[in-house]
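Okay, here's what each chain looks like letter by letter:
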Amino acid sequence: MSWRDISDRLRGKPAKSFTQEGLRYEYSEERNAYTLTFCDHGITKAHIPEKINGITVDEIQNGAFSGEKDLKELTIPDTIKSIGEGVGTGCNSLTSLTIPDSVTNIGRNSFANCTHLKDLTIGDGIKDLNWKVFNNCDLENVHLGSNISFINKWALNSLRFPSNAPGKINLTFDGTKEQWDSIHKGKGWDSAVERGKLDITFERELERTMNPEIGDLISHIKEDEDMQKIVLAAAELGVKALDEPLDKKTMDRIFDKAEIGFHGKEKDDQEFAEEL
């Protein structure tokens, strides 16, 4: 911090630039907001604040975390509107990432080569996924907002599924299948589903098949992953209510669909069904 910055702070003006918890910020008079510009080398956790001294943080500059291989946690607040190019390229220790609904732009290569990134949530603010934005990531679970209208064929490179790629990706789309089909996206998506490399869940389609009771259950079990799988599986199988006892055959079908193993006697399974 310069003497001019100190003088500005003493007179109640925002500091032009400063570092806080290993993160560097620059103030924009035009926007009356801060931009995160870069971080200390070797940083392991980065929790970006919504505001600093009452001033909003609304941008992450190009390359702010690029090459930080030890970065394990990155929290992006819902005040951020824009994420620049190459922001987190090569952050190999990052395993999960949430892009909040406030973000309307993600630059090219933003999180490319995050080779251990498995869980990704992209909020409703994003309409376009640009060139190689999540290229070469080891994605397993992806949640896409319903406002996506364009996916560059290289945006989610690991979703292109070469035939020898292990495992599959579970993709949840907030909209309907009709909305999904209308998205302009690269080749390979349909064949990936056919080859078992991609499993897509359409949340709006599930809402259409579920009665209010099951819909209420979904809202109450967000933190219980196994229970959520059970309820979603039941909905896909056409089970309209889970608050009544179900027969063993139906319960087995639900558990198989949810890919959850339950062991025990038939009586135990029946009691579990009644508890639901």
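Rules behind the numbers
- Per-chain numbering applies: the sequence of each chain, read as written, is numbered from 1 onward.
- Local features in this predicted model are restricted to residues whose pLDDT is 70 or higher, and side-chain atom pairs enter the listing and the counts only when it is 80 or higher, whereas totals over whole chains, interfaces and linings include all residues.
- Side-chain measures were taken over the full set of non-hydrogen atoms in the model, leaving aside hydrogen atoms and water.
- Comment: elements are numbered from the N terminus, with helices defined as DSSP H or I runs of at least four residues and strands as E runs of at least two.
- Summary of the burial criterion: residues with accessible area below 20% of their type's maximum are buried, those above 50% are exposed, and those between are partly exposed, where the area comes from a 1.4 Å probe applied to protein chains only.
- By definition, two strands form a pair when at least two bridges between them are found by DSSP.
- Defined by distance alone, a disulfide is two cysteine sulfur atoms within 2.5 Å.
- Scored from 0 to 100, pLDDT reflects the predictor's confidence in each residue.
- The criterion used for residue contact is that any of the two residues' heavy atoms lie within 4.5 Å.
- An arc is given here, and it is the one of the directions from the helix axis to the C-beta atoms.
- Angles here are taken between N-to-C directions and fall from 0 to 180 degrees, while the axes themselves are lines fitted to C-alpha atoms, restricted in helices to the stretch in contact.
- We call Phe, Tyr and Trp rings a pair once their centres come within 6.5 Å, taking the six-membered ring for Trp, and we label the pair stacked below 30 degrees between planes, edge-to-face above 60, and tilted otherwise.
- Placement of a positive charge over a ring is assigned whenever Lys NZ or Arg CZ falls within 6 Å of the ring centre and within 35 degrees of the normal to the ring plane.
- By the criterion applied in these results, polar contacts are pairs of N or O atoms within 3.5 Å in which, for protein atoms, one can donate a hydrogen and the other can accept it, and in which residues neighboring in sequence qualify only through two side-chain atoms.
- For salt bridges, the criterion is a side-chain nitrogen of Lys or Arg within 4 Å of an Asp or Glu carboxyl oxygen.

The next thing to look at is the overall build of the protein chain. Assigned secondary structure in the protein chain consists of eight helices and 17 strands. Burial analysis of the protein chain (276 residues in total) assigns 44% to the buried set.

A separate point is the sheet that holds strand 14 (residues 150-151). In space, the three strands of this open sheet follow the order 12-14-16, with parallel pairing throughout. Whereas interior strands pair on both sides, the edge strands pair on one side only; in this sheet they are strand 12 (128-129) and strand 16 (184-185). Bridge count for strand 12 against strand 14 is two bridges, and the pairing is parallel. Bridge pairing in strand 14 links Leu129 to Ile151.

What follows is about the state of the cysteines. What makes a disulfide is a covalent bond joining the sulfur atoms belonging to two cysteines. Counted by the stated rule, this structure contains zero disulfides. In this structure Cys91 is not part of a disulfide, and its nearest cysteine sulfur, from Cys114, lies 5.0 Å away. Looking at the unpaired Cys137, the closest cysteine sulfur is the one in Cys114, lying at 5.0 Å. Exposure remark for Cys137: the relative accessible area of 4% places this residue in the buried category.

Reading predicted coordinates in detail is not appropriate for stretches of low pLDDT. Here the protein chain averages 80 in pLDDT, while 73% of its residues score no lower than 70. Within the model, the stretch residues 263-269 combines pLDDT values under 50 with four contacts to residues more than four positions away or in other chains.

On to helix 7 (residues 248-258), then. Looking at helix 7, one finds that the buried residues are Thr250, Met251, Ile254, Phe255 and Ala258. Seen end-on, helix 7 carries its buried residues on one side only, within an arc spanning 135°. Facing away from the buried side of helix 7 by more than 90 degrees, the exposed set consists of Lys249 and Asp256. One or two residues past the end of helix 7 sits Glu259, with phi positive at roughly 60°.

Let's shift gears to the sheet that holds strand 13 (residues 141-144). Here five strands make up an open sheet; going across it, the order is 9-11-13-15-17 and the pairing parallel. Both outer strands of the open sheet, strand 9 (96-99) and strand 17 (198-202), are each paired with one neighbouring strand and no more. The average undirected angle you get between the axes of adjacent strands in this sheet is 10°.

Another point: the packing of aromatic side chains. Counted under the stated rule, the structure contains six aromatic pairs. Lying across the ring of Trp180, Lys185 places its NZ or CZ 4.6 Å from the centre.

Moving on, we come to the side chain of Ser28. Among the structural elements, Ser28 can be located in strand 2 (residues 23-28). Judged by relative accessible area, which is 15%, Ser28 ranks as buried. A distance of 3.2 Å separates a polar atom in the side chain of Ser28 from the backbone nitrogen of Arg31.

Our focus in this paragraph is the environment of Ile169. Its location among the elements puts Ile169 in strand 15 (residues 169-173). Ile169 gets classed as buried once you look at its relative accessible area, which sits at 2%. With 29 residues separating them along the chain, Ile169 and Glu140 place their C-alpha atoms 4.5 Å apart.

The phi angle at Glu21 is positive, at roughly 50°, despite the residue not being glycine. Residue Glu21 is classed as exposed on the basis of its relative accessible area of 68%. Even without a glycine there, the phi angle at Asn136 is positive, about 60°. For Asn136, the location among the structural elements is in the loop between strand 12 and strand 13.

Tracing the backbone through its elements, the reader meets Ser17 in strand 1 (residues 17-20). A distance of 3.1 Å separates a polar atom in the side chain of Ser17 from a polar atom in the side chain of Arg24.

With that settled, consider the pattern of salt bridges. Inspection of the entire model under this criterion finds seven salt bridges. Notably, a salt bridge pairs Arg31 with Glu59, separated by 3.6 Å at the nearest N-O pair. Pair noted here: Arg31 is in the loop between strand 2 and strand 3 (33-39) and Glu59 is in strand 6 (residues 55-60), with a separation of 28 residues, a long-range link. A single salt-bridge network, built from bridges that share partners, covers Arg31, Asp58 and Glu59.

Residues in a regular strand point their side chains to alternate faces of the sheet. Summarising burial for strand 2: five of the six residues are buried, a large majority. As paired strands, strand 1 and strand 2 are joined by four bridges and run antiparallel to one another. Bridge assignment links Thr19 to a residue of strand 2, and that residue is Arg24. As consecutive antiparallel partners, strand 1 and strand 2 are separated by two residues, and within that stretch Glu21 has a phi angle of approximately 50°, a positive value.

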